[in-house]
Every structure is written in structure tokens, then in C-alpha cells.
Amino acid sequence: MRVLVVEDEPYLAEAIRDGLRLEAIAADLAGDGDAALELLSINAYDLAVLDRDIPGPSGDEVAARIVASGSGMPILMLTAADRLDDKASGFELGADDYLTKPFELRELVLRLRALDRRRAHHRPPVREIAGLRLDPFRREVYRDGRYVALTRKQFAVLEVLVGAEGGVISAEELLERAWDENADPFTNAVRITVSALRKRLGEPWLITTVPGVGYRIDPGAVEDVAPDAATDTDRSPHEPGRA
């Protein structure tokens, strides 16, 4: 999951970003309305976290632009005001949820997960495919009943692949959705992470490479190359970093 956090208090914004990273959620930061609108114009986000009181175009104006775009991106509004009238006006603008400062980071994470679940056609909180069971709230993965320990980044990549329900995800899309704006577009991080994830999940290999396209969850696929080989045969030709 990749979110845009619009917050003009630098320390709070950085604390939110760092806390979300620990939950395998990539977050980009914008300190004012102009920066938020620019990021929204060039990146695809799953959710937006908006402080209403920010410099430049207000959080309300940014929310109105998101709604008008027709993207359907869920919006969680942050504010220091806890009056019912303030919340009502936020919901009328198109906000999907509301969180009053100060708040616990854990509550923010739970609300973001819930919004993401509702966004994706009311999919169940626990996702299952090909004997794989992924629980985004507990951040747990099981394969055929066996617990699989994953790093935060491996979990984020697997969550994107599982969410595709067997569809192909390009390396560029994985980089966009599982990393943040600071990711090097020429990095081999996607290939390396997918290779390590294959090994963690074990045989038969669930993640298959679709040459020239990307990666997908394929319950019937068995890789011809050992997962620890990490050679170019394991890389999508469209992956950033390929010459």
C-alpha cells in the first residue's frame, strides 16, 4: 500500500511516515497543498491522509480535487478540531474517515487498512490464494498452515501480488506501490526482494516471472531456475535497472 501524507508539521509528518514504514506501508510526504497536488498529479496512491489546516490550498481544497478527479481514492482527514460540526463538514467534502489529533499511530494504521479493504470491492481482511493466507492486520503470512516470517518489504511486495489475484504486476508497479518516492528507479531492489520472497515461501514456487511483463502468483508454476540464483533470467525485462 502507498499513501500520501499531507501534514505541515515536519516532526509529526516524519513520525507518521516512519511508523507506517514499520507496518509495510509506503508513505510520501507533502508539507503544503501545492506539494500535495503536484505529487497527486505524478504518482498513484491507494489512500490520502490530509491535515485540513495546511499552507497553500487547504486540506479541504485538496480533498475536493481528489473527489473531483473521480479516482475513488479514500481520504482520511486529520485535524486538531474535534467538534462535530468540523467533522460533518469534512465528511461532506468527501472524506471517508476522520482522526483527531493527538492520535495513536496504531489507530491510524488500523483505519488505513480498513479503508483499503473497503476500497478494494469489500474484499475480506484475510486474503487467501493457492494455499497462501495473508492477514494484513496482523501482518502474518501462512502457507499450507505453515507460518512464514517475512521482512516488512517482502510483506509489502507479497500484499501487492496477492491483491492482484493472479494478475501480472510489473516491476515498475511493485516499485511504485511497495516503496516510496525516495526509491531509486534504477535499483534492483524489486528483483532481489522477489527472489528472497520466493525462497521464504518455499517450494513449489508460487511467484512466477512472466517474461517481458512482470510477476504473478501462480499456484501451478515451478521455476526452472533455483530461487537463490538471482540471475537475469529472474528479472522482468521491464524492471528498472535493466540495461
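Here's what I pulled together on the structure shown here. Residue numbering note: each chain is counted from 1, following its sequence as written. Local features are withheld for residues below a pLDDT of 70 in this predicted model, meaning they are given only at 70 or higher, and side-chain atom pairs are given and counted only at 80 or more; totals for whole chains, interfaces and linings count all residues. For the side-chain quantities, the full set of heavy atoms in the structure was used; hydrogens and water were omitted.

### So, the packing of helix α2 (residues 33-42) against helix α3 (residues 59-69)
At their nearest, the axes of α2 and α3 sit 9 Å apart, and the two run at 20° to each other. In terms of their interaxial angle, α2 and α3 are classed as roughly parallel. Judged by the sense of rotation from one axis to the other, the crossing of α2 with α3 is right-handed. When α2 is examined against α3, the residues G33, A36, L37 and L40 are found in contact with a partner set consisting of V62, R65 and I66. Interaxial angle, 0 to 180 degrees, is taken between N-to-C directions of lines fitted to C-alpha atoms, where a helix line uses only the stretch in contact. Each helix is a run of H or I in the DSSP string that is no shorter than four residues. Each strand is a run of E no shorter than two, and both are numbered from the N terminus. Here roughly perpendicular refers to angles of 65 to 115 degrees, roughly parallel to angles under 35, roughly antiparallel to angles over 145, and oblique to all remaining angles. Take the far helix as your reference; a near helix turned counterclockwise from it by less than a right angle gives a left-handed crossing, and one turned clockwise gives a right-handed crossing. We call two residues in contact whenever any of their non-hydrogen atoms come within 4.5 Å of each other.

### Thoughts on helix α7 (residues 171-178)
Any residue under 20% of the maximum accessible area for its type is buried, any over 50% is exposed, and the rest in between are partly exposed; the area is computed with a 1.4 Å probe on protein chains only. Considered for burial, the residues of α7 that qualify are A171, L174, L175 and A178. One side of α7 holds all its buried residues, which, seen down the axis, span an arc of 100°. Along its buried surface, α7 packs onto β2 (26-30), α6 (152-163), α8 (189-201) and β11 (214-217). As used here, the arc is the angular range of directions from the helix axis to the C-beta atoms.

### Regarding the pairing of strand β8 (residues 140-143)
Burial along β8 is one-sided: V141 and R143 are buried, while E140 and Y142, pointing the other way, are not. A pair of strands is treated as paired once DSSP finds two or more bridges between them. Relative to β8, strand β7 (residues 132-135) is paired through four bridges, and the arrangement is antiparallel. Residue D135 lies in a different strand from β8, and its bridge partner there is E140. Taken together, β7 and the strand that follows it, β8, pair antiparallel across an intervening segment of four residues, in which R139 is found at a positive phi of about 55°. Connecting β8 to the next strand, strand β9 (residues 146-147), in antiparallel fashion are two residues, including D144 with a positive phi near 50°.

### Details of α6
Multiplying 1.5 Å by the helix residue count minus one yields the expected span of that helix. Its twelve residues place the ends of α6 16 Å apart at the C-alpha level, agreeing with the 16 Å of an ideal helix rising 1.5 Å per residue. Taken across its twelve residues, α6 has nine buried, putting it largely inside the fold. For α6, the complete set of buried residues consists of Q154, F155, A156, V157, L158, E159, V160, L161 and V162. Note on α6: the residue one or two positions beyond its end, E165, has a positive phi of about 55°.

### Some remarks on the packing of α6 against α7
Close contact between α6 and α7 brings their axes to 10 Å; oriented N to C, the two are set at 120°. On the basis of their axis angle, the class for α6 and α7 is oblique. For α6 against α7, the interelement crossing comes out right-handed. Along its contact with α6, which presents K153, A156, V157, V160 and L161, the element α7 presents L174, R177 and A178. All amino acids are sorted into three groups, where Ala, Val, Leu, Ile, Met, Phe, Trp, Tyr, Cys and Pro are nonpolar, Asp, Glu, Lys and Arg are charged, and the leftover types, Gly among them, are polar. Classifying every residue of the contact of α6 with α7 by side-chain character gives six nonpolar, no polar and two charged.

### A few points about the nonpolar core
Put simply, buried Ala, Val, Leu, Ile, Met, Phe, Trp, Tyr and Cys residues joined by side-chain atoms within 4.5 Å make one nonpolar core. Among the nonpolar cores identified, the biggest contains 29 residues, and V141, L158 and L174 are the most heavily contacted of them. Those elements that provide at least two residues to this core are β7, α6, α7, α8 and β11. If near-sequence neighbours (up to four positions away) are discounted, V141 is found in contact with L132, R133, L134, R146, Y147, V148, L150, F155, L158 and L201. Among the nonpolar cores identified, the runner-up in size contains 19 residues, and V6, A36, L50 and I75 belong to it.

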